[in-house]
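Examining the three-dimensional arrangement
Here are the chains, one letter per residue:
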Amino acid sequence: MTETIQGAEQRRNSKDKITIFDTTLRDGEQSPGASMTLNEKLQVAELLDEMGVDVIEAGFPIASNGDFEAVLEISKLLKRSVVCGLSRAQNNDIDRAGEALKPARQSRIHTFISTSPLHMKYKLQMEPSAVLEAVTSSVTRARNYTDNVEWSAEDATRTEHDFLCHCVEAAIKAGATTINIPDTVGYTVPEEYYDLIKMLIDKVPGADEVVLSTHCHNDLGLAVANSLAGVRAGARQIECTINGMGERAGNAALEEIVMGMNTRADVLPYWTEVDPVHITRASRLVSAVSGFPVQYNKAIVGQNAFAHESGIHQDGMLKNNETYEIMTPESVGLRASSLVMGKHSGRHAFKEKLKDLGYELGDNAFQEAFQRFKALADKKKQVFDEDLVALVDDEVSSENDRIKLVSLTVYAGTGGPQKATVTLDVEGTETTREAGGDGPVDATFNAIRAIVPHEARLPLYQVMAVTEGTDAQAEVMVRLEQDGFTATGRSADTDTMVASARAYISALNGLISRREKGAGQNLQVI
Ligand code: KIV
Ligand code: ZN
């Protein structure tokens, strides 16, 4: 395995480099219920930048004030990656994207329009000739803001080939430097997608001078296979997301693309600038801030991806890892659960450990995280890396909260009636309420609602153990939804009720801030 990677490094040349275009913050965030706060988007963008992602699609600036602000702030933040903003083929969309990208060191405007007969007739209600004109005018307008313009043919895989060729040619003539061929509805299969990309390269004048890009959705579970087929046909950019997040069944998963190329460089002789050692951290961060758990058997980042349960496999692994392991857990930044520290560990050791896990916190956040680590070490016999990750992710999301949990007492058990007494600090004022409910969680949430009245629905309440053992921390995710705004909160604690209350309060804080900023009501792209 190692030899293959080294071999690939020797073979590296620029024509085989694949541009990784991450759209977790745009297409990924479009998944129903996956909204992130500005602070969370900044954390994700910073990590993607550090990982070596080439282009980060930071949002769809016309869609909401929240999206505009996210693209603007990410533009100020990024050191290495190109920042990209999405726009439809309309002047005000493009101008808004140009405005949000102004502070960026390197920016790209990504403009798109549907080209399939179905979309043109029913969605756009435009004649093909008008769509063709919009291709030229949108790309021309985007070029006023930046030389780096990407044009996408939405629903390209269901578009008539001749018309697609005309649109691609028009976009290239108007100055697009990247042409994206989305499989918007996840309909194509590898052979067909290969032929489509090849046909465009062979037939469209100038197609060999721009970068062709794949953007594959996963409705048939083929997003990664289709993307790789597109690359074999000559595409040199892949659009993807961490954990494969995205509309419906999601997009091609970044981690699968990168590790596929790294592990099978013998048959996929392409390379990316992404350092895979950050993959596990990125997966955990995106899952934590989006509230979307990663399925246990998900390739590369699932909890079981490197677990060997059967006796035959374990025996083989003990003799030689390569018997059942095609890549090492360390290569994606996954370390074996290690007992890290106990209650006697000091600030210095804690800081070093966090650094090792990829976290560098500001002074205040560090102090608070340290206090919580001490409290955890007092309660829990063994503190593992996973515990620290859960604790720090919790800390980062709670820094700017307006509502904070002061105390919680729960009466539960077979005797009933279950009730909870909650004290909250709401912008500096402490209030206490008691409430009953159908179980301790319901009672706790009712008491919170008595202090901060609201009508939010609870579409998700989920509890998972962070590690093994009866003293494991419970990681709780709560999603709240009201008037088209959604926010997800998460928290971990050895006390499931405390974690539940904190997660609920975190979601409530998110919901309040999204409603204030009008940040939740994204325009639907498709
Ligand atoms: O799936 C799609 O077609 C898109 C476009 C906006 C690129 O996300
Ligand atoms: Zn998409």
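Cut-offs and rules
- Residues numbered from 1 in each chain as written.
- Chains lettered and ligands numbered in written order.
- Predicted model: local features only at pLDDT ≥ 70, side-chain atom pairs only at ≥ 80, totals over all residues.
- Heavy atoms only, no water.
- Near = heavy atom within 4 Å.
- Polar contact = N/O pair within 3.5 Å; in protein donor to acceptor, adjacent residues only side chain to side chain.
- Areas by Shrake-Rupley, 256 points an atom, 1.4 Å probe, with all protein chains shown as cover.
- Helix = DSSP H or I, 4+ residues; strand = E, 2+ residues; numbered from the N terminus.
- Nonpolar A, V, L, I, M, F, W, Y, C, P; charged D, E, K, R; others polar.
- Domains from an automatic or database assignment.
- Core = buried A, V, L, I, M, F, W, Y, C linked by side-chain atoms within 4.5 Å.
- Buried < 20%, exposed > 50% of the residue type's maximum accessible area, 1.4 Å probe, protein only.
- Contact = heavy atoms within 4.5 Å.
- Salt bridge = Lys/Arg side-chain N within 4 Å of Asp/Glu carboxyl O.
- Pairing = 2+ DSSP bridges.
- Axes fitted to C-alpha atoms, helices over the stretch in contact; angles between N-to-C directions.

1. Describing the site of ligand 1
With respect to spatial proximity, twelve residues lie near ligand 1, and among them R26, D27, T184, H215 and H217 are the closest. Between ligand 1 and R26, the relevant distance is 2.9 Å, taken from an oxygen atom to a side-chain nitrogen or oxygen of the residue. Measuring from an oxygen atom of ligand 1, one finds a side-chain N or O atom of T184 at 2.6 Å. Look at ligand 1: alone it shows 260 Å² of surface, and the protein chains cover 98% of it. Among the secondary structure elements, those contributing two or more residues to the shell around ligand 1 are α2 (24-28), β4 (107-114), β5 (149-154) and β6 (178-183). In terms of residue class, the shell around ligand 1 is made up of three nonpolar, six polar and three charged.

2. Details of the domain arrangement of the protein
Examined at the domain level, the protein breaks down into domain 1 (16-290), domain 2 (307-335), domain 3 (336-397) and domain 4 (398-520). The gap between the C-alpha centroids of domain 1 and domain 3 is 37 Å.

3. What to know about the nonpolar core
In this structure, M51, W151, V168, I179, I181, L200 and L254 are the most contacted members of the largest nonpolar core, which totals 86 residues. Setting aside anything within four residues of it in sequence, one finds L254 in contact with I20, D22, M51, V53, C240, T241, I242 and V274. Core analysis: the second largest hydrophobic core is formed by 29 residues, L408, V441, F445 and A487 among them.

4. So, the pattern of salt bridges
Counting across every chain of the model gives 28 salt bridges. In this structure, K41 engages E29 in a salt bridge whose closest nitrogen and oxygen atoms are separated by 3.6 Å. Placement of the pair is K41 in helix α3 (residues 38-51) and E29 in the loop between α2 and α3, with a sequence separation of twelve residues. Judged by relative accessible area, which is 3%, K41 ranks as buried. Residues participating in the shared-partner salt-bridge network are K17, D54, R80 and E273.

5. Overview of the sheet that holds strand β3 (residues 82-88)
Across a sheet, paired strands are connected by hydrogen bonds in the backbone, their directions being either parallel or antiparallel. If you trace the eight strands once around the closed barrel, you get β1-β2-β3-β4-β5-β6-β7-β8, paired in parallel fashion. Averaged over all adjacent pairs, the angle separating strand axes in this sheet is 25°, with direction ignored. Bridge count for strand β2 (residues 55-59) against β3 is four bridges, and the pairing is parallel. Residue pairing in the sheet places V55 in a bridge with V82 of β3. Relative to β2, helix α4 (residues 65-77) is tilted by about 145°, and along the sheet it contacts β2 and β3. Taken strand by strand, helix α10 (residues 223-233) contacts β6, β7 (211-216) and β8 (237-240), and its axis lies near 165° from that of β7.

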